[in-house]
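# Descriptive analysis of the structure
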Amino acid sequence: MSCYYEDDQKVSLSAFQARLEATDLIPSQESLLPHLPVLIPLLNAEGLDTLAKLRKALKSKKSLQSLACRIGWDEKPLALLRRTVESYFPKPIALAEFSQLDPQMLKALQKAGIQHTRQLFEGYWRDPASFCTSCGFSTEALGEALALADLCRIQWVGVTVARMLLAAGTSSSHAVAHAACDTLHDALQEANREHGLMKGSIGKRDVARLIHAASTPPPVG
């Protein structure tokens, strides 16, 4: 079985720091980088040595303020750190938002308790045969929905970008992670021109970020 997220209890803060420093961060996150060499050791000293522990410590405004007081740090960088951390954990998307999916399939999935992308992805890969039996659709029939659920595991990918990727012939997080930037950029541009999925266009730098981000969630083999 492939899991929806990387296990945040196994990701050390040092590893997460290395990931951030190796990433072409979006502009709103770039100001975090100068703080990391001092901030991460302070957090480790507080016993917040994994991503899971850090997320818990930053979960609420009250807990964030308490942490800032204990380590003698300004709240604003910690708030930015919280937003950056949470951006690595994709929010499940309601399957109903994908208007192109078969309504009868959506109804059957809903009856089986499957309403969003995470439930679909995890439920299917836990036991494909049982899942198909319970919802009454074959793997082939579920193909587009499963592809969209997989693509939505990638950081920053929502309904529109997932549909663009699929229209561009890129149907899995694994395929995105191993795509050539120029090739994927051209395919996305063509898909958008043909289907009118996004106003404006997607830049090569954003596509490069997408490819880098796709290596974060465990890809479906």
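In this text, all values refer to a predicted model and were calculated from it rather than measured experimentally. (Residues numbered from 1 in each chain as written. Predicted model: local features only at pLDDT ≥ 70, side-chain atom pairs only at ≥ 80, totals over all residues. Heavy atoms only, no water.)

### A word on the overall build of the chain
A tally of helices and strands in the chain yields 14 helices and zero strands. Across the chain, helices and strands are ordered from the amino to the carboxyl terminus as α-α-α-α-α-α-α-α-α-α-α-α-α-α. In the chain, buried positions account for 43% of the 221 residues. Pairs at least 24 apart in sequence give 64% of the contacts found in the chain among residues at least 6 apart. Of the roughly 11,200 Å² that the chain leaves accessible, carbon and sulfur atoms contribute 53%. (Helix = DSSP H or I, 4+ residues; strand = E, 2+ residues; numbered from the N terminus. Buried < 20%, exposed > 50% of the residue type's maximum accessible area, 1.4 Å probe, protein only. Contact = heavy atoms within 4.5 Å. Areas by Shrake-Rupley, 256 points an atom, 1.4 Å probe, with all protein chains shown as cover.)

### Some remarks on helix H8 (residues 117–126)
Restricting attention to buried positions, one finds in H8 the residues Thr-117, Leu-120, Phe-121, Glu-122, Gly-123 and Tyr-124. In this structure, the buried side of H8 is in contact with helix H7 (103–111), helix H9 (128–135) and helix H10 (143–151).

### Brief notes about unusual backbone geometry
Although it is not a glycine, Trp-156 adopts a positive phi angle of roughly 75°. Along the chain, Trp-156 falls in the loop between H10 and helix H11 (159–167). By relative accessible area, Trp-156 is classed as partly exposed at 37%.

### Observations concerning the pattern of salt bridges
Under the criterion given, the structure shown has 11 salt bridges. A salt bridge links Arg-70 to Glu-46; its shortest N-O distance comes to 2.8 Å. One end of the pair, Arg-70, is in helix H5 (residues 61–71); the other, Glu-46, is in the loop between helix H3 (36–45) and helix H4 (51–57), with 24 residues separating them in the sequence. Owing to a relative accessible area of 46%, Arg-70 belongs among the partly exposed residues under this scheme. A salt bridge links Glu-86 to Arg-55; its shortest N-O distance comes to 2.8 Å. (Salt bridge = Lys/Arg side-chain N within 4 Å of Asp/Glu carboxyl O.)

### Digging into the packing of H5 against helix H6 (residues 75–86)
With their axes 10 Å apart at the nearest point, H5 and H6 run at an angle of 130° to one another. Looking at the two axes, H5 sits oblique to H6. As H5 runs across H6, the sense of the crossing is right-handed. Of H6, the residues touching H5 (which contributes Lys-61, Leu-64, Gln-65, Leu-67, Ala-68 and Ile-71) are Glu-75, Leu-78, Ala-79 and Arg-82. (Axes fitted to C-alpha atoms, helices over the stretch in contact; angles between N-to-C directions. Parallel < 35°, antiparallel > 145°, perpendicular 65-115°, else oblique. Left-handed = near helix turned anticlockwise from the far one by under 90°.)

### Remarks on the nonpolar core
Grouped together as the largest cluster of nonpolar side chains are 38 residues, with contacts concentrated most on Leu-109, Leu-120, Leu-142 and Leu-165. Ignoring anything within four residues of it in the chain, the contact list for Leu-165 reads Leu-151, Val-157, Thr-170, Val-176, Leu-184, Leu-188 and Leu-210. In terms of nonpolar packing, the next biggest core, distinct from the first, is built from 27 residues, Leu-36, Leu-39, Leu-43 and Leu-80 among them. (Core = buried A, V, L, I, M, F, W, Y, C linked by side-chain atoms within 4.5 Å.)

### Re the packing of aromatic side chains
Inspection of the entire model under this criterion finds four aromatic pairs. The interplanar angle of 50° and the centroid separation of 6.5 Å between the aromatic rings of Phe-121 and Trp-125 together place this pair among those described as tilted. Of this pair, Phe-121 and Trp-125 both sit in helix H8, four residues apart, roughly one helical turn. A ring pair is formed by Tyr-124 and Phe-131, whose centres lie 6.0 Å apart and whose planes are at 80°; its orientation type is edge-to-face. We note that Tyr-124, like Phe-131, is buried. Members of the aromatic cluster, joined through ring pairs, are Phe-121, Tyr-124, Trp-125 and Phe-131. Cation over ring: Arg-55 sits above Phe-89, and NZ or CZ is 3.7 Å from the ring centre. (Phe/Tyr/Trp six-rings, centres within 6.5 Å; stacked < 30°, edge-to-face > 60°. Lys NZ or Arg CZ within 6 Å of the ring centre and 35° of its normal.)

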